[in-house]
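Read off the chains here:
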Amino acid sequence: VFIYSHGRDEFGGDLDVSNTIGWFTSSTPVVIKPSGDIVDDLQAVRDVRASVPGNGVPYWATRWLTDDGHAAFEHHSPFELSMNYLGQYQQLERDDSVLRYVDVKKPKATGSGSGLLRTALVETQAIVIGDSLQIKFVYNTRMARQKQLLDWQAKVKDSLLEIANRLGDGVETE
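Residues numbered from 1 in each chain as written. Predicted model: local features only at pLDDT ≥ 70, side-chain atom pairs only at ≥ 80, totals over all residues. Heavy atoms only, no water.

**Q** How should the sheet that holds strand β4 (residues 120–129) be read in this particular structure?
**A** Across a sheet, paired strands are connected by hydrogen bonds in the backbone, their directions being either parallel or antiparallel. With respect to topology, five strands assemble into an open sheet ordered β2-β1-β3-β4-β5, the strand pairing being mixed. Whereas interior strands pair on both sides, the edge strands pair on one side only; in this sheet they are β2 (26–29) and β5 (132–139). The average angle at which neighbouring strand axes cross in this sheet is 25°, direction not considered. Pairing of strand β1 (residues 2–5) with strand β3 (residues 79–88), which is carried by two bridges, proceeds in the parallel orientation. (Pairing = 2+ DSSP bridges. Helix = DSSP H or I, 4+ residues; strand = E, 2+ residues; numbered from the N terminus. Axes fitted to C-alpha atoms, helices over the stretch in contact; angles between N-to-C directions.)

See the structure below:
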């Protein structure tokens, strides 16, 4: 699994980013040996992720910007699965907020250029809006094993509910 980092962290040293717009997104492989217990696995992912140097920026820069990185990490593309946690939009929920979250259904894309490089076969995007975690799965609908992908999505939901029920405040989650 490759986990995205949005690079909103402070950079150390002499790097001047004052004339840039946005942030420096990176993605880092996270590998654990499944224990059979979903909570233990979640904690293992958290621990591995916390130990990644520079929040993944050195890996990402080396992987994509150097010849040695291209050679060393060529087998990392495309990722099988990427996880992108977008965060929690608490600032949009305040009564005095200038902006409000509006749930607008985007039209489905009718296609993309043949030269577009996808970084993952399956992308997951998660966001917290209000008190609800929303997860979106993005993948090619012509990809093989559609039934297995749908079954896996249901298992993800069941696993997240189990985590919420085991680590939550004792209130049953649906």
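**Q** Is there a simple way to explain the nonpolar core in this structure?
**A** Formed by Phe2, Tyr59, Trp60, Phe79 and Ala120, the largest nonpolar core amounts to five residues. Residues within four places of Tyr59 in sequence aside, it is in contact with Phe2, Ser27, Thr28, Pro29, Phe73 and His76. (Core = buried A, V, L, I, M, F, W, Y, C linked by side-chain atoms within 4.5 Å. Buried < 20%, exposed > 50% of the residue type's maximum accessible area, 1.4 Å probe, protein only. Contact = heavy atoms within 4.5 Å.)

**Q** Teacher, can you tell me more about a nonpolar patch on the surface here?
**A** Taken together, the side chains of Tyr85, Leu133, Ile135 and Leu160 present a nonpolar region at the surface, about 330 Å² in accessible area. Within the secondary structure, Ile135 is located in strand β5. When its relative accessible area of 33% is taken as the criterion, Ile135 is described as partly exposed. (Patch = residues over 30% accessible without salt bridge, like charges linked within 9 Å, V, L, I, M, F, W, Y side chains within 5 Å. Areas by Shrake-Rupley, 256 points an atom, 1.4 Å probe, with all protein chains shown as cover. Salt bridge = Lys/Arg side-chain N within 4 Å of Asp/Glu carboxyl O.)

**Q** What is the right way to read the pattern of salt bridges from this model?
**A** Pairing between side chains of opposite charge can happen when the charged atoms of each approach one another. Per the stated rule, a full pass over the model turns up four salt bridges. For the salt bridge of Asp47 with Arg46, the shortest nitrogen-to-oxygen distance reads 3.1 Å. Residue Arg46 is classed as exposed on the basis of its relative accessible area of 51%. A salt bridge links Glu162 to Arg166; the nearest nitrogen and oxygen atoms lie 3.1 Å apart.

**Q** Help me out: how do you make sense of the layout of surface pockets in this one?
**A** One way to see where empty space is left: roll a probe the size of a water molecule over the atoms. Quantified by volume, the largest pocket comes out at close to 1,800 Å³. Along its surface, the largest pocket is lined by 47 residues, and Ile135, Val156, Ser159, Leu160 and Ile163 are the ones closest to its centre. For the lining of the largest pocket, the elements supplying multiple residues, two or more each, are α1 (38–50), β3, β4, β5 and α4 (146–167). Here the element with the most residues in the lining of the largest pocket is α4; it accounts for 13 residues. Counted by class, the lining of the largest pocket contains 30 nonpolar, eight polar and nine charged residues. (1 Å grid on protein atoms, 1.4 Å probe; cavity = no way out; pocket = protein on both sides within 12 Å on 5 of 7 lines; lining within 4 Å. Points joined across faces, edges and corners; volume = space filled by probe spheres on them. Nonpolar A, V, L, I, M, F, W, Y, C, P; charged D, E, K, R; others polar.)

**Q** What am I meant to see in the packing of α1 against α4 here?
**A** For any two helices packed against each other, one specifies the crossing angle of their axes together with the interaxial distance. The geometry of α1 relative to α4 is characterised by a closest axis approach of 10 Å and an angle of 90° between their N-to-C directions. As the angle between them shows, α1 and α4 are arranged roughly perpendicular. Contact residues: Ile38, Val39 and Leu42 in α1; Ser159, Glu162, Ile163, Arg166 and Leu167 in α4. Class assignment of the residues belonging to the contact of α1 with α4 gives a composition of five nonpolar, one polar and two charged. (Parallel < 35°, antiparallel > 145°, perpendicular 65-115°, else oblique.)

**Q** Mind showing me how you'd approach the packing of aromatic side chains here?
**A** Given two aromatic rings, one states the distance between the centres and the angle between the planes to describe the pair. For the structure shown, the criterion picks out four aromatic pairs. Both rings, one in Tyr59 and one in Phe73, keep their centres 5.0 Å apart while their planes meet at 65°; by these two values the pair is edge-to-face. Linking Tyr59 in helix α2 (residues 57–65) with Phe73 in helix α3 (residues 67–73), this pair joins segments that are 14 residues apart in sequence. Note on Phe73: relative accessible area 23%, which makes it partly exposed. Cluster of aromatic residues (ring-pair linked, three or more members): Trp60, Trp64 and Phe79. Over the face of the ring belonging to Trp64 we find Arg63, whose NZ or CZ atom lies 4.1 Å from the ring centre. (Phe/Tyr/Trp six-rings, centres within 6.5 Å; stacked < 30°, edge-to-face > 60°. Lys NZ or Arg CZ within 6 Å of the ring centre and 35° of its normal.)

Spatial relationships are all this shows, so hold off on functional conclusions.
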